[in-house]
Each structure stands twice: as C-alpha cells, then as structure tokens.
Amino acid sequence: MKNINDVLHYHDRTKHRPSRYAASLGYMDWATQPDPYRRYLGAPLIPLTHSETTPPYHLLFQKDILPTAPLCIESLSQLLRYSLGLAAIKNHGGSSWALRCNASSGNLQPTECYVIVPATEEISSHATLSHYAPREHALELLHTYKTPLEGNGFYIVLSSILWREAWKYGERCWRYCQLDAGHAYGAIKAAASMLGWKCEIVSVNSDEIAMLCGLDQRERFDPYENESPDMLIRIGNSGSLPSAVTIPYPANTLSPSHHEWPILTVIDEATQGVYPKIEPLSTTRSIPPPSKNAGEIILKRRSAQMMDGSGITMEQFRTLLDSSLFCTEASDVHFILFVHRVERLDKGLYAFIRNMDDLEKLKKSMDQNFVWEDCHNGLYLLQKGDYRGAAQMISCNQEIAKDGAFSFGMLCNFASSLEKYGAIGYKNLYHQCGMIGQMLYLEATSLGLSATGIGCFLDDEFHALLGIQNQQFQSLYHFTIGRAIIDTRISTQQPYRH
Ligand SMILES: Cc1cc2nc3c(=O)[nH]c(=O)nc-3n(C[C@H](O)[C@H](O)[C@H](O)COP(=O)(O)O)c2cc1C
C-alpha cells in the first residue's frame, strides 16, 4: 500500500495547476547542464555500420509482409541507427545541437540503451552486453558472456537517467522520463519492423533488469546520475535470460554538481517491480497508400514548434487515429480530442475509444451532458464547439495546441492499472502513452504533417473540462498534430558525415 500511496502523492504533487506549476528550479542552470551522452570509461568501442536502404514506410506495420533479417552487425546497426541514433544536427546563432530519431522531452534524452546479443561476427565470438553510444553510432562493449545465449533472438534494455530531465523540469521530470522511454520503445519497434523483427516487453522484475546491465553497481555512477531500469525488450526468440554481470568500467560524469529532488527517489523506488503483462489490443489495419522509405520518414520526424493553423482531411485524421491502434501494447489509453480543423467534421470535443471494453466506464466517469454521438470506428462526438482557447490554456498556454488541426489528451485507466499491477502500473501507463506518441509522430510525418508531444499541461483543468471527478481515468500526455511552420533561421546538417 505504501508504494500506491507514494504514486498517488507524486501524481498529485506534480500536477501543473494554473496558480502553481510542479516544483522545478525555474531557470536554466547552464553551469550544471548534463552531458547528453553517457560513456563508460575504458570500454572498447565497436563501430556500427550505416545503410540507407530501408523498406517503404507503409509496409512497416503490416503483419508478416517484410522478410525477417538475420541478426548481424548490419541489421543491428540499422535497428539502432533508425531508433535511437542521431537524426539531424541543428545550428543557430553559433550553437549546434543534435536531435535523435526518438522524441524526448526538452531534447534532454534521459533514455539509455543496452543490447545483449549472441555471438555476432564483427562484435564477438561470444554473447555480449554492450551500451549504445548514439553520438559515435557504436557499441561500447561492457561484458563478454562465457556461455552462449539461448535461442536466436536478442535483448534490449532501456533505462533512464532521471537527472538529465530533473536538471530542467524538477519534480515532474519522472513523468517525462517514462514518456521518453515509451517513445524510445516505439522508435525501436518501428525500426525493428523494417527488419521484419517483432518486439515484446518482457514481464520481469526491475532488479533483474538492473543486474543484467550492471546498473545495480551503484559505485560506477555518480550518485545523482545513476540509471533506473525501465524495460526489457525481447526481439525474436530467446530462451532464459543471461546471468547478472560485473562491469569494470565507471560511467562518465554528466554534470559537475546537481540539485536534489528527494521525491524522485521516492517515486522511482515505489515503481520498481515486476513489469506488467498487458492484455494486447486486437486490431487489423488495412494497407495505407504507398509512402516514402521508412528511413527517410524516421530521420525527417521533427517536433513542430509552431503550427500554421491549416486543416487536414478526414482521411488523414482517421489514418492518424487508426495508426495508434498499432500500439497493441497500449490498451489502457484513450484520446479526448479538441478537433479544430478537420474537413467534414464539426469542430468540437471528441473521444476516440481505443479499447471498447472501457466505453461504458468512460461514459459514467465523464460529464453526463456529453452526447456521445457515434462517428464510427471508436470516434464519438461529445460536444460541438470551438475548443481552441481551451486547448491552448490546458497545454500551459502553448499555441501549438490551438494552431494544430487537432490536439488531444491521452486519458488512461489510472485506478484500475494501479489496482491490477501495483505501483509499477503507473510507470507502464506513461510507457503506453509514449509509444503511441512516437507512432503518431511517424504517421504524421508520413502524411506530410507534423506533431508535437505536450508534456506541459494543466492536469486537473483538463479533467474538470471533461467532468472527471475521481481518479478512475487520468490524462498523462497531450499531443498536437497539424502543419508546422519551419523556422528558417535554424539550419540542418546530416549527422555522421565523417
Ligand atoms: C514526453 C515529451 C513531452 C514534450 N513536451 C513538449 C511540450 O510541452 N512543448 C513542446 O513544444 N515540445 C514538447 N516536446 C517536444 C520535444 O521538445 C522534442 O521532442 C525535442 O525538442 C526533440 O526534438 P525532435 O522531436 O524534433 O527530435 C515533448 C516531447 C516529449 C517526448
């Protein structure tokens, strides 16, 4: 019960309210800005390869259409390059920064990635554990196993360095780290699909994940910069997990000094445990029209910083909503949409019910005056009206929420997830939202549109607008989709040109 209370306390305490945002430093302390690249001092570096040949994007999410690639250094390189690798280098006013394939709150990139692969030519004649170094697009070899891995699949571990996000966002940052981990999973799943590979999140204890990659060896990390295990992903068929490892390499130091946010330790510890096994959504998706190649879309995906206020077609709108159903692992998330400009659809407040099992429960939880007019395939009109002002206000006054064609909140099965899975259910809900977010970014890009994840929103203002009075459902992530205005002052270069 203590862990559940810790979650309830953290969730309430880190809500943004009109009169008071969740606690943070309130300014950017540039002197302590964390290094976005983790490295392990002394670990051998194995360069990965580059390949530009990727399949058409529209084939990615079709069942069993793309051939299954063998696991080799080229396929592993492609997986990492197009999921967590650098996508672009931006330059403006004498400064330059890298963006990655996976979206990340404030581009602070808290998610780290480890891979456990069987003997692979050009990596090792033994099974190995490595850390992915995105700046170099290389593997840092951390451990060589004495016994072979069972099966022909492999594992990926995602972990979070909370400090990277805490530096800017203070107490609310744990939420962003989990959303980012969900984005990273979504990015890996999309890149794996290019190779005909399927991903599965393994239901395993956080402690075990930590021991697999030596994250439990706290002495190797600055105490403020250690990594919290997020999830273990299995790709292909693997047998039992490899044993715990002892790694001799210390982690680099990311900041010279740190600010303490004790609540982060509380929520992080409370949400350790056995990762939930989620009952997947069952969906089928018709083949969308031919698109560009997947690699191009993945590298082109960018968050819009301004939207032009133009509309989209009904077909685009439906394609976007339906694409979220491809995230079958995310069965506890529904969309409450502010539709501003979608052809042939009245402006207003809508619900997109991603899991019909929840329909009646949602109807009971929300304002009894909503009309729930069935617009087919999970979409319901709740109330007609112009919600541009409300969308902007709820999104911490960000104009992208009103200037997109539509924006929405991801309303999650909050109480029942905590009841079913315990405190770690809270963490999993953010992962579900993040994976949907990454999927929608890609789908929007493939349609020639743009999107932006919105972590900054006024939680209870949104709930109040929906008439939600208890914690059965809570909104954990917001999002907007439309057409971006490109800031031409910022120039773009391709990464890895050397
Ligand atoms: C969880 C999450 C929350 C975000 N919240 C906001 C937000 O509130 N406002 C905003 O303008 N961008 C937001 N973003 C977009 C990030 O700032 C963006 O992903 C990051 O700068 C990297 O840029 P890229 O997406 O173009 O690669 C968010 C992204 C994520 C993943």
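In every chain, residue numbers begin from 1 and rise along the written sequence. Two thresholds apply to this predicted model, a pLDDT of at least 70 for residue-level local features and 80 or more for giving and counting side-chain atom pairs, whereas whole-chain, interface and lining totals are computed over all residues. Excluding hydrogens and water, the side-chain figures rest on all heavy atoms present in the structure.

A closer look at the pattern of salt bridges
Salt bridge, as used here: a side-chain nitrogen of Lys or Arg that lies within 4 Å of a carboxyl oxygen of Asp or Glu. In total, this model carries 22 salt bridges according to the counting rule given. Between R13 and E171 there is a salt bridge; the shortest N-O distance is 2.7 Å. Highlighted residues: R13 in helix α1 (residues 2-13) and E171 in the loop between α3 (162-169) and α4 (173-194), separated in sequence by 158 residues. The exposure class assigned to R13 is partly exposed, which follows from its relative accessible area of 35%. Between E200 and R234 there is a salt bridge, and its shortest N-O distance comes to 3.1 Å. Highlighted residues: E200 in strand β8 (residues 199-201) and R234 in strand β9 (residues 228-235), separated in sequence by 34 residues. Type-normalised accessible area, obtained with a 1.4 Å probe on protein chains alone, sets the label of each residue: buried when under 20%, exposed when over 50%, and partly exposed for intermediate values. Exposure remark for E200: the relative accessible area of 33% places this residue in the partly exposed category. Bridged by salt links that share partners, the residues D12, K15, R17 and D460 form one connected network. Going along the chain from the N terminus, every DSSP run of H or I of four or more residues is numbered as a helix, and every run of E of two or more is numbered as a strand.

Description of the nonpolar core
In terms of nonpolar packing, the biggest core is built from 117 residues, with L79, I156, L158, F317, F335, L337 and F406 touching the most fellow members. Counting residues per element, this core draws most heavily on α4, which supplies 13 residues. Taken together, domain 1 (2-270) and domain 2 (304-482) each give at least three residues to this core, which thus spans both. Should any heavy atoms of two residues lie within 4.5 Å, those residues are counted as being in contact. For L337, the contacting residues outside a window of four places in its chain are F317, L321, G348, L349, Y350, A351, F352, L379, F406, S407 and F408. Take the buried residues of types Ala, Val, Leu, Ile, Met, Phe, Trp, Tyr and Cys, join any two whose side-chain atoms come within 4.5 Å, and each joined set is a nonpolar core. One finds M307, F370, I394 and L411 within the second-largest nonpolar core, a separate group that totals 27 residues. Either an automatic procedure or a domain database provided the assignment from which the domain bounds are taken.

Some details on the sheet that holds strand β2 (residues 86-92)
What links the strands of a sheet is backbone hydrogen bonding, and the strands pair in either a parallel or an antiparallel sense. For two strands to be treated as a pair, DSSP must find no fewer than two bridges joining them. Taken in spatial order, the three strands make up an open sheet running β3-β2-β17, and their pairing is antiparallel. Two strands bound the open sheet, and with one partner strand each, they are β3 (95-100) and β17 (491-493). Taken pair by pair, the neighbouring strands of this sheet meet at an average axis angle of 30 degrees, ignoring direction. Pairing geometry for β2 and β17, over three bridges, is antiparallel. Paired with I89 across the strands is Q493, a residue of β17. Axis geometry follows a simple rule: fit a line to the C-alpha atoms, using only the stretch in contact for helices, then measure angles between N-to-C directions, giving values from 0 to 180 degrees.

Quick look at the state of the cysteines
The disulfide criterion is simple: two cysteine sulfur atoms within 2.5 Å. Inspection of the entire model under this criterion finds one disulfide. Note that C396 is cross-linked by a disulfide to C456, the S-S spacing being 2.3 Å. Since a negative S-S torsion denotes a left-handed disulfide, the C396-C456 link at about -95 degrees is left-handed. Here C396 is found in the loop between α10 (388-394) and α11 (400-403), whereas its partner C456 is found in the loop between β15 (450-454) and α14 (459-466), with 60 residues between them in sequence. Take C396: its relative accessible area is 13%, and that puts it in the buried class. The thiol of C72 is not disulfide-bonded; the next cysteine sulfur, from C199, is found 17 Å away. As a non-bridged cysteine, C101 has C113 as the owner of its nearest cysteine sulfur, 12 Å distant.

Some thoughts on the site of the ligand
Around the ligand, the surrounding shell holds 22 residues, and the nearest of these are R301, R302, S303, Q398 and G453. Contacts to the ligand include S303, whose side-chain N or O atom sits 2.6 Å from an oxygen atom. Q398 places a polar side-chain atom, nitrogen or oxygen, 2.7 Å from a nitrogen atom of the ligand. Classification convention: Asp, Glu, Lys, Arg as charged; Ala, Val, Leu, Ile, Met, Phe, Trp, Tyr, Cys, Pro as nonpolar; all other residues, Gly among them, as polar. Across the shell around the ligand, the residue classes break down as eight nonpolar, 10 polar and four charged. For the shell around the ligand, the domains that each give at least three residues are domain 1 (2-270) and domain 2 (304-482). When we say a residue is near a molecule or strand, we mean one of its heavy atoms is within 4 Å of it. Pairing of N or O atoms within 3.5 Å defines a polar contact, subject to two protein rules: one partner must be a possible hydrogen donor and the other a possible acceptor, and residues neighboring in sequence count only if both atoms are side-chain atoms.

Considerations on helix α8 (residues 314-323)
The buried fraction of α8 is high, at eight of 10 residues. Where α8 is concerned, the buried positions are M314, Q316, F317, R318, T319, L320, L321 and S323. The elements touched by buried residues of α8 are β10 (333-339), β11 (348-352), β13 (379-384), β14 (406-413), α13 (424-446) and β16 (473-482).

A word on the domain arrangement of the chain
Its domain assignment divides the chain into domain 1 (2-270) and domain 2 (304-482). One C-alpha centre belongs to domain 1, the other to domain 2; they are set 26 Å apart. Contacts between the two partners involve 37 residues from domain 1 and, on the opposite side, 36 residues from domain 2. Here domain 1 and domain 2 share an interface that buries about 3000 Å² over both sides, 63% of which is from carbon and sulfur atoms. Sorting the residues of domain 1 by area buried against domain 2 places Y57, L179 and H183 first, and these three jointly supply 19% of that buried surface. Where domain 1 touches domain 2, the interface holds 23 residue pairs in polar contact (both at pLDDT 80 or more). In terms of residues, the side of domain 1 that touches domain 2 owes the most to one element, α4, which gives 13 residues. Counted by class, the side of domain 1 that touches domain 2 contains 22 nonpolar, nine polar and six charged residues. As a working definition, buried area equals the accessible area (1.4 Å probe) given up by two parts on being put together, with both sides summed.

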